[in-house]
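# Remarks on the overall topology
Each chain, letter by letter, is given below.
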Amino acid sequence: MTVDTQQEVEERVHWLPMIAAISSISVVGIAIGLGMPLLSVILETRGHSASMIGFNTAVAGLASIVGAPLATPLAMRFGVARTMLAMIATGVLAFVGFHFAPDFWMWFPLRVLLHIALTVLFILSEFWISTSAPPHRRGLVLGIYATVLSLGFAAGPWLFAHLGSTGFLPFGVIMALVTLAAIPVLAARNESPTIVSNGETSNFLRYIWLVPTATAAVLVFGAVETGGFALFPVYGNRIGYSEANAALLLTMIGLGNVLLQIPLGMISDRVSDRRYLLLACATIGLAGTIFMPHFAQNWHLMASLLFVWGGVVAAMYTIGLAHLGSQLSGHDLASANAAFVLCYGVGMVLGPQAIGIGMDLFGPSGFGWALGMFFAFYIALVGARLVRKIL
């Protein structure tokens, strides 16, 4: 094989495995978007308090943190495709189990099992996508992935509104959707990547520090996305918006997330060092939190700001994942992908707490200050690493 032919093979997009990974995880996204409100509504109709519902839901974040280190060892032992298929089956069984579990305590092990399976599935899907995309198109491919996944999450609540929460029907639909996710994985199983041990026995947590620009980006995104979405309705109410207008502003954030990932991913493919783009995203995120109080009196200005802000902040996940894929490969990339998702889970835990405390201490302005704190931390981290010329 000539050098030119070798280069052409390396730069070719492996469409079948890429489509398999994207489509399977996006179908799972629809199921999650449908399943999360379904479970909360069922618990409420059974008479459980909001705090207990929240406690049961919070187990998901802890399960994700526990599940992340398991992804690479499982994939090394059984293969990426087989592990994904096993996690799909586990997720189906766990979710259907909620329908047949009469006692509340049973929902805790089911929630742990479900979210460990989903965490491993997300890690291996993103690893598969990264290895299937050539370096010069990695940002575009991951932008497509983020867009399709966002659309999947958005479709879930729409389905829930039409299916309701009574009977087995919504569980049956989720079971069918997640089972469908197995079909593209089966079709591309022979092209799934192989993870070979690099011979090192270092602690899993070292991968958090291996490319901290990427892992810190997803931590900040997890904190801002989870905390911001959870508490924005409270913030909107305190600054004078109606419940409907605050909800529409959240929709604008989601719309920016969907529409801006592909163009921002394409831009990331054209820059020599994605850290500068990540730094720009964090800077725009910080600027957006500063301008929010000044735009609050005009709904249309606020909506425009949040559209751009939501899309750019969400790109920290997309570009951070692309940066990770550009720096590592093989076993290291798979393990770093797991650390990446773990950091997202840590952000999910930190964000709502920090923003809630900020609003309790400083009123509505505490919302923006808490968000700004995360962006400022990231700007300082990336700026210091760029000055020192390290990853």
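These figures come from a predicted structure and were not determined experimentally.

## Quick notes on the overall build of the protein
Looking only at helices and strands, the protein features 16 helices and 0 strands. Projected onto the principal axes, the alpha-carbon positions of the protein cover approximately 65 × 55 × 35 Å. Every one of the 391 residues in the protein was classed for burial, and the buried ones make up 52%. Within the protein, counting contacts between residues at least 6 apart in sequence, those at least 24 apart form 84% of the total. By element, 69% of the accessible surface of the protein is carried by carbon and sulfur atoms, the whole surface being about 17200 Å². Of the side chains in the protein, 16 bear a positive and 15 a negative charge, and the two mean positions are spaced by 4 Å.

## Details of the domain arrangement of the protein
Accessible area lost during the coming together of the parts is what is often quoted as the interface size. Structurally, the protein comprises domain 1 (13-195) and domain 2 (202-390). Taken over C-alpha atoms, the centre of domain 1 sits 22 Å from the centre of domain 2. Each partner contributes residues to the interface: domain 1 has 25 residues there, and domain 2 has 29 residues. Where domain 1 meets domain 2, there are 0 salt bridges. Applying the counting rule to domain 1 against domain 2 returns 7 residue pairs in polar contact (both at pLDDT 80 or more). Secondary-structure elements contributing two or more residues to the side of domain 1 that touches domain 2 are α4 (71-78), α6 (107-132) and α7 (138-163).

## Quick word on the pattern of salt bridges
Where side chains of opposite charge bring their charged atoms close, a pairing between them can arise. Inspection of the entire model under this criterion finds 3 salt bridges. Note that Arg 206 is salt-bridged to Asp 332, the shortest N-O span being 3.7 Å. Here the residue Arg 206 occupies a position in helix α10 (residues 206-210), and Asp 332 occupies one in helix α15 (residues 330-362), the gap between them amounting to 126 residues. A relative accessible area of 24% places Arg 206 in the partly exposed class. Judged by its relative accessible area of 22%, Asp 332 falls in the partly exposed class. Across the pair Asp 269 and Arg 274 runs a salt bridge, and its minimum N-O distance is 3.0 Å.

## Description of the nonpolar core
Of all hydrophobic cores here, the largest spans 122 residues; its most connected members are Trp 309, Leu 324, Phe 367 and Tyr 378. In terms of residue count, helix α14 (residues 299-327) provides more of this core than any other element does, 15 residues in total. Mapping this core onto the domain boundaries places at least three of its residues in each of domain 1 (13-195) and domain 2 (202-390). Once residues within four sequence positions are removed from consideration, Tyr 378 is found in contact with Thr 213, Ala 216, Ala 217, Val 220, Leu 278, Ala 282 and Met 316.

## Remarks on the packing of aromatic side chains
A complete count under the given rule lists 13 aromatic pairs for this structure. Aromatic pair Phe 95 and Phe 98: ring centres 5.7 Å apart, planes at 75 degrees, arrangement edge-to-face. Taken together, the residues span about one helical turn, with Phe 95 and Phe 98 both in helix α5 (residues 80-100) at a distance of 3 residues. As far as burial versus exposure is concerned, Phe 95 and Phe 98 are alike and both buried. One aromatic cluster is present, formed by Phe 95, Phe 98, Trp 107 and Phe 171 through successive ring pairs.

## Overview of the environment of Leu 255
Summarising the element assignment, Leu 255 is placed in helix α12 (residues 243-269). In sequence terms Leu 255 and Ala 154 are 101 residues apart; their C-alpha atoms lie 9.9 Å from each other.

## So, the layout of surface pockets
Estimates place the volume of the second largest pocket at around 180 Å³. Lining the second largest pocket are Ile 208, Trp 209, Pro 212, Thr 215, Ala 216, Leu 219, Leu 342, Cys 343, Val 346, Phe 377 and Leu 381. Looking at the lining of the second largest pocket, the elements that each hand over two or more residues are α10, α11 (212-238), α15 and α16 (365-388). With 4 residues, α11 is the largest single contributor of residues to the lining of the second largest pocket. The residue makeup of the lining of the second largest pocket, split by class, is 10 nonpolar, 1 polar and no charged.

## Notes on the confidence of the model for the protein
On average, residues of the protein score 85 in pLDDT, and 94% of them are at 70 or above. Confidence, read as mean pLDDT per element, is least for helix α1 (residues 3-11) in the protein (44) and greatest for helix α13 (residues 274-295) (94). Long-range and interchain partners of residues 1-10, a stretch whose pLDDT sits below 50, account for 3 contacts in this model, where long-range means more than four residues apart.

## Some details on the environment of Ser 26
Here Ser 26 lies in helix α2 (residues 15-45). Taking C-alpha positions, Ser 26 is 8.1 Å from Ser 150, a pair spaced 124 residues apart along the chain. Aside from chain neighbours lying at most four places away, what touches Ser 26 is Val 148, Leu 149 and Gly 152.

## A closer look at α2
Every α-helical turn comprises 3.6 residues, leaving residues that sit three or four positions apart pointing alike. If you check α2, its first and last C-alpha atoms are 45 Å apart, about what 31 residues at 1.5 Å a residue would give, namely 45 Å. Among the residues trailing α2, Gly 47 stands out with phi positive, at a value near 95 degrees.

Rules of the game
Residues numbered from 1 in each chain as written. Predicted model: local features only at pLDDT ≥ 70, side-chain atom pairs only at ≥ 80, totals over all residues. Heavy atoms only, no water. Helix = DSSP H or I, 4+ residues; strand = E, 2+ residues; numbered from the N terminus. Buried < 20%, exposed > 50% of the residue type's maximum accessible area, 1.4 Å probe, protein only. Contact = heavy atoms within 4.5 Å. Areas by Shrake-Rupley, 256 points an atom, 1.4 Å probe, with all protein chains shown as cover. Lys, Arg positive; Asp, Glu negative; His and termini not counted. Charge placed at Lys NZ, Arg CZ, Asp CG, Glu CD. Domains from an automatic or database assignment. Salt bridge = Lys/Arg side-chain N within 4 Å of Asp/Glu carboxyl O. Polar contact = N/O pair within 3.5 Å; in protein donor to acceptor, adjacent residues only side chain to side chain. Core = buried A, V, L, I, M, F, W, Y, C linked by side-chain atoms within 4.5 Å. Phe/Tyr/Trp six-rings, centres within 6.5 Å; stacked < 30°, edge-to-face > 60°. 1 Å grid on protein atoms, 1.4 Å probe; cavity = no way out; pocket = protein on both sides within 12 Å on 5 of 7 lines; lining within 4 Å. Points joined across faces, edges and corners; volume = space filled by probe spheres on them. Nonpolar A, V, L, I, M, F, W, Y, C, P; charged D, E, K, R; others polar. pLDDT = per-residue confidence, 0-100. Expected span 1.5 Å × (residues − 1).

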